[in-house]
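So you can see what is in the structure, the chains are spelled out below.
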Amino acid sequence: MIHRQKRVIILRGKQLIVALLGSLTVVGVTMAANVKPVNAATKKTIVNVTFKPTSQSELTDYVYNTVDPTSRDFHHYLTPTEFAAKFGQSDSYIQSFKDYLAKYHVQTKTYPGNLSLKLTATEANMRKAFNAKYVAPAKKGDYARASYKLPGKLSDQVVAVIGLYGKSPAKKTKKASSKSSQKAISSQQTALTADLPTTTTKPDTQLTGNAFSKKYGAAKFANAYQLNDLYNKGLQGQGQRIGIISYSDVRDSDLTTYWQQAGVNDNLSRIHRIYTVNTQTQAQQTLNEMLGGLQTEATVDVQAASSVAPQADIDLYVDDSNGTKTSDASSHYASFMTAIGDNQDKQISTSFSPDLEVAADWGDPSASIKQYSDAFNVMLEQAAAQGITVFRSSGDGGRTESPSAKENHGMSTSPYQVLVGGTTLPYEKIINQKVISVPTERAWGNVDATSATNLKYGIFGASGGGFSALNPTPRYQQGVSGVNTFRAINYLTFKKFKFVVNPHPHLIFGTANARNIPDISGNADVQTGYASFVSGKDMTVKMVGKKRTVVKVPTKKWMIGGGTSYTAPQMAGANAIMNSGRQTPIGFWNPQIYKFAQESDSPFTTLDGADNNNLYYTGQPGKLYNQATGLGTINFEKLYGKFDY
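Residues numbered from 1 in each chain as written. Predicted model: local features only at pLDDT ≥ 70, side-chain atom pairs only at ≥ 80, totals over all residues. Heavy atoms only, no water.

**Q** Can you walk me through the overall build of the protein in this structure?
**A** Per the secondary structure count, the protein includes 18 helices and 30 strands. In the protein, the share of contacts with a sequence separation of at least 24, taken over all contacts with a separation of at least 6, comes to 77%. (Helix = DSSP H or I, 4+ residues; strand = E, 2+ residues; numbered from the N terminus. Contact = heavy atoms within 4.5 Å.)

Here you go:
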């Protein structure tokens, strides 16, 4: 999973290695281009306003009823128009908002469903419309905030205003020294190198088609999780569309190269791009500037989903916001709300997050972290009411995606989506002069399998898991054995600004009362990972005499990677396979799968062993749920039968 905030930059010799906290780093040479200053007041900015449903309790009950076979609302999914009539704000209230904003030259678009508005204007006009004021950071290192004020009749039904900036105070400028200039350039780095954990081993491209896929691709996933029986029934995802929420566009040539190598449908007409912040031209300019982590992540997402469901279409929602004043939280929300409003994709997946679920680190200027979480929950309830299943990667850094809190996770941990954790498939390899043996599938997280370089820089790959800081325990998790109790071992400690191996780990037992993460898991370990292909321009630092010069070098890369960024889109692909054999969509997974897990013929393999750990949380012997792998791995043949009420 990639977060758009908190970049750490390390210069080592002639290499610039970048770690985005919350994800892992490919060791490589890369550098971003300088960012030219633009008058912020004239920049386009997109702000999203979320409204309350007419009845929160009735909406929540309806969402659960859509997947309850005893309810008269079972699989009675709503269209966005029907949703608006049943739970959305009135047309007159929406129109009053539009009329007010039009006075300030703010363009408005109502997302279908009448729960949100998308606003577009210059920052100056947006600020005037909301009477936005700059609120200085409370302490050094915090983000600046924006206060705002709306007429009372408009503000009554507002859950959150997302992405609204106040006017920053004027700052005196001074001529920078060479050292400070270098620091300023570094602070302007944007999308950098691939954040997915990878190995130095390249896939064997002498293998093609099914042989390649079995070793590195969709067939490997299908073999591990019993998806082949559904393929044999002729289910290929036909008639389905998969929505991918992304901060970046992708290259068509990267997709066709991968598809042809893996022997899957290489028809580019399957791919549909929807640009939710910038235009296609602007997004392509970003793509052509350099090969970075955002592009790599987006490419992995599309390749993973499209190869698991080879006859499904892919809707790529691109919320590249470069050149605008749109916050990451606002652009992420806009893409999700666009996809849900379009109501074409009955499965949506993302491996991106605008930030971590930590109040002190939250970067959106106008919506507090709690407000944003509430807005996201309402939005995903609309998705569930429409029969859409949402998948999100749980993260690649265990329970601690950054050292800023004891436990933190990518935003959002909403209970109305399937949070997908990571496992390691069985293998035996020599790593760091040690024989590493994994005899059975277990949680992704192994100190002994961490490369020497990653150990040196404190980078550890592990499945995201633990407890939400914002969402309470949802009703479907209550009463499930293992939920809200945990067994853990503190394998890592934070020391001298990095994570290091704890020489004296010990057992920890405890309880909590929150949304437990993840829900299910699948292979995500780089040691048992998947192939992907990406191309672009690497940025490298070349010494010319005594002067460093930034050079763009065209590159094409086959890599073997891991991370829950592979697993989440694969699950969305598997959902498309199952939906292609059904009359109505599966819809909201979670109440259903937690019920299935408690039945004698469960479609899940519980990974409850003590060695099943994500470098903190472990399996709980005899319990159905643990915070390292959730309910465990899926037998899709059984799950498909369970969903067939």
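**Q** Would you explain the environment of His504 in this entry?
**A** By the element assignment, His504 lies in the loop between strand S23 (498–501) and strand S24 (507–511). The exposed category is assigned to His504, whose relative accessible area is 64%. Considering only alpha carbons, one finds His504 and Asn490, 14 residues apart in sequence, at a separation of 8.5 Å. (Buried < 20%, exposed > 50% of the residue type's maximum accessible area, 1.4 Å probe, protein only.)

**Q** Help me understand the packing of helix H1 (residues 56–65) against helix H2 (residues 80–87) in this model?
**A** The description of two packed helices rests on the angle between their axes and on the distance between the axes. Relative to each other, H1 and H2 sit at 140 degrees, their axes nearing to 11 Å. It follows from the interaxial angle that H1 and H2 lie oblique. Seen from H1, the contacting residues are Glu58, Leu59 and Tyr62; seen from H2, they are Phe83, Lys86 and Phe87. Its residues assigned to classes, the contact of H1 with H2 comprises four nonpolar, no polar and two charged. (Axes fitted to C-alpha atoms, helices over the stretch in contact; angles between N-to-C directions. Parallel < 35°, antiparallel > 145°, perpendicular 65-115°, else oblique. Nonpolar A, V, L, I, M, F, W, Y, C, P; charged D, E, K, R; others polar.)

**Q** Just to check I follow, could you spell out the pattern of salt bridges for this structure?
**A** Any two side chains of opposite charge can pair, so long as their charged atoms come close to each other. The full count for this structure, using the stated rule, is 15 salt bridges. Between Lys233 and Asp229 there is a salt bridge; the shortest N-O distance is 3.8 Å. Given the relative accessible area of 52%, Lys233 is considered exposed. Look at the salt bridges and you will find they share partners, linking Lys595, Glu599, Asp601 and Lys642 into a network. (Salt bridge = Lys/Arg side-chain N within 4 Å of Asp/Glu carboxyl O.)

**Q** What's the story with the nonpolar core in this structure? I'm lost.
**A** It is characteristic of soluble globular proteins that their nonpolar side chains tend to be buried jointly. Residues Leu227, Trp589, Phe636 and Leu639 are the most contacted members of the largest nonpolar core, which totals 110 residues. Looking at which element gives the most residues to this core, the answer is helix H14 (residues 369–385), with 10 residues. Here Phe636 is in contact with Phe221, Tyr225, Gln226, Leu227, Leu230, Met571, Ala574, Met578 and Trp589, once residues within four sequence places are set aside. (Core = buried A, V, L, I, M, F, W, Y, C linked by side-chain atoms within 4.5 Å.)

**Q** Please clarify how the environment of Val553 should be interpreted in this entry.
**A** Position of Val553 among the secondary structure elements: in strand S28 (residues 547–561). Linking Val553 and Asp538, residues 15 residues apart in sequence, is a C-alpha distance of 5.1 Å. With near-sequence residues (within four places) excluded, Val553 lies in contact with Gly536, Lys537, Asp538 and Thr540.

**Q** Sorry, what's going on with H1 here?
**A** All of the buried residues in H1 are Leu59, Thr60, Tyr62, Val63 and Tyr64. Buried-residue contacts for H1 involve H2, H14 and helix H17 (589–597).

**Q** Just to check I follow, could you spell out the pairing of strand S10 (residues 241–246) for this structure?
**A** On a regular strand, one side chain projects to one face of the sheet and the next to the other, so that they alternate. Taken across its six residues, S10 has five buried, putting it largely inside the fold. By the bridge criterion, six bridges tie S10 to strand S12 (residues 313–318) in an arrangement that is parallel. Bridging across to S12, Ile245 finds its partner in Tyr317. Alignment of S10 against strand S13 (residues 347–350), held across four bridges, turns out to be parallel. Considered in S13, the bridge of Gly243 is made with Ile348. (Pairing = 2+ DSSP bridges.)

**Q** What is the right way to look at H17 in this model?
**A** Because an α-helix completes one turn every 3.6 residues, residues spaced three or four positions apart along the sequence face the same direction. Judged by how many residues are buried, H17 sits mostly within the fold: eight of nine residues are covered. Looking only at H17, the buried set comprises Trp589, Asn590, Pro591, Gln592, Ile593, Tyr594, Phe596 and Ala597.

**Q** I would appreciate a short explanation of the packing of aromatic side chains in the present structure.
**A** Note on aromatic pairs: each is described by the distance of the centres and the angle between the planes. Inspection of every chain in the model, using the stated rule, returns 32 aromatic pairs. Members of the aromatic cluster, joined through ring pairs, are Tyr64, Tyr416, Tyr476, Phe588, Tyr594 and Tyr625. Here the basic side chain of Arg270 rests over the ring of Trp259, its NZ or CZ set 5.1 Å away from the ring centre. (Phe/Tyr/Trp six-rings, centres within 6.5 Å; stacked < 30°, edge-to-face > 60°. Lys NZ or Arg CZ within 6 Å of the ring centre and 35° of its normal.)

**Q** Looking at this structure, I do not really get the sheet that holds strand S6 (residues 116–122). What am I missing?
**A** As a general point, the strands of a sheet are linked pairwise by backbone hydrogen bonds and lie either parallel or antiparallel. With antiparallel pairing, four strands are arranged side by side in an open sheet as S5-S6-S4-S9. Both outer strands of the open sheet, strand S5 (107–110) and strand S9 (158–162), are each paired with one neighbouring strand and no more. Direction aside, the axes of adjacent strands within the sheet are offset by 20 degrees on average. Set on the sheet, helix H4 (residues 123–130) makes contact with strand S4 (44–51), S6 and S9; between it and S6 the angle comes to about 125 degrees.

**Q** How should unusual backbone geometry be read in this particular structure?
**A** A negative phi holds for most residues other than glycine; trans holds for most peptide bonds. The step from Met411 to Ser412 runs through a cis peptide bond, and the omega angle for that step is 15 degrees. For Ser412, the location among the structural elements is in the loop between strand S15 (389–393) and strand S16 (418–424). Residue Ile517 is joined to Pro518 through a cis peptide bond whose omega torsion reads -5 degrees. Structurally, the position occupied by Pro518 is in the loop between strand S25 (516–517) and strand S26 (520–523). Phi at His105 is positive, roughly 60 degrees, even though this residue is not glycine. For His105, the location among the structural elements is in the loop between helix H3 (91–102) and S5. Here Asn484, not a glycine, exhibits a phi torsion of approximately 65 degrees, which is positive. If you trace the backbone, Asn484 turns up in the loop between strand S20 (466–467) and strand S21 (485–489). Asn484 gets classed as buried once you look at its relative accessible area, which sits at 16%.

**Q** Even after reading the chapter, I still don't get the side chain of Ser353, so can you show me in this structure?
**A** Along the chain, the position of Ser353 falls in strand S14 (residues 352–353). Polar side-chain contacts of Ser353 include one of 2.6 Å to the backbone oxygen of Asp355. Engagement of the side chain of Ser353 in a polar contact is seen with the backbone nitrogen of Met411, the distance being 2.8 Å. (Polar contact = N/O pair within 3.5 Å; in protein donor to acceptor, adjacent residues only side chain to side chain.)

**Q** Sorry, what's going on with the environment of Ser394 here?
**A** Its place among the elements puts Ser394 in the loop between S15 and S16. Sequence spacing of Ser394 and Ser412 is 18 residues, and the spatial spacing of their C-alpha atoms is 9.6 Å. Ignoring anything within four residues of it in the chain, the contact list for Ser394 reads Glu401, Val420, Gly421, Ser463, Gly464, Ile517, Pro518 and Thr564.

**Q** Help me understand the pairing of strand S22 (residues 492–495) in this model?
**A** One ladder, built from four bridges, connects S22 with S23; its direction is antiparallel. Note that in S23 the partner of Phe494 across the bridge is Phe499.

**Q** What is the right way to read the side chain of Lys220 from this model?
**A** Structurally, Lys220 is set in helix H8 (residues 218–224). Buried and unpaired, Lys220 has no salt bridge, with Asp525 as the nearest side chain of opposite charge at 9.7 Å. A polar atom in the side chain of Lys220 sits 2.9 Å from the backbone oxygen of Thr528. Those residues within four positions of Lys220 in sequence are excluded, and the remaining contacts are Ser213, Lys214, Lys215, Leu425, Asn523, Thr528, Gly529 and Tyr530. (Lys, Arg positive; Asp, Glu negative; His and termini not counted.)

By themselves these figures say nothing about function.
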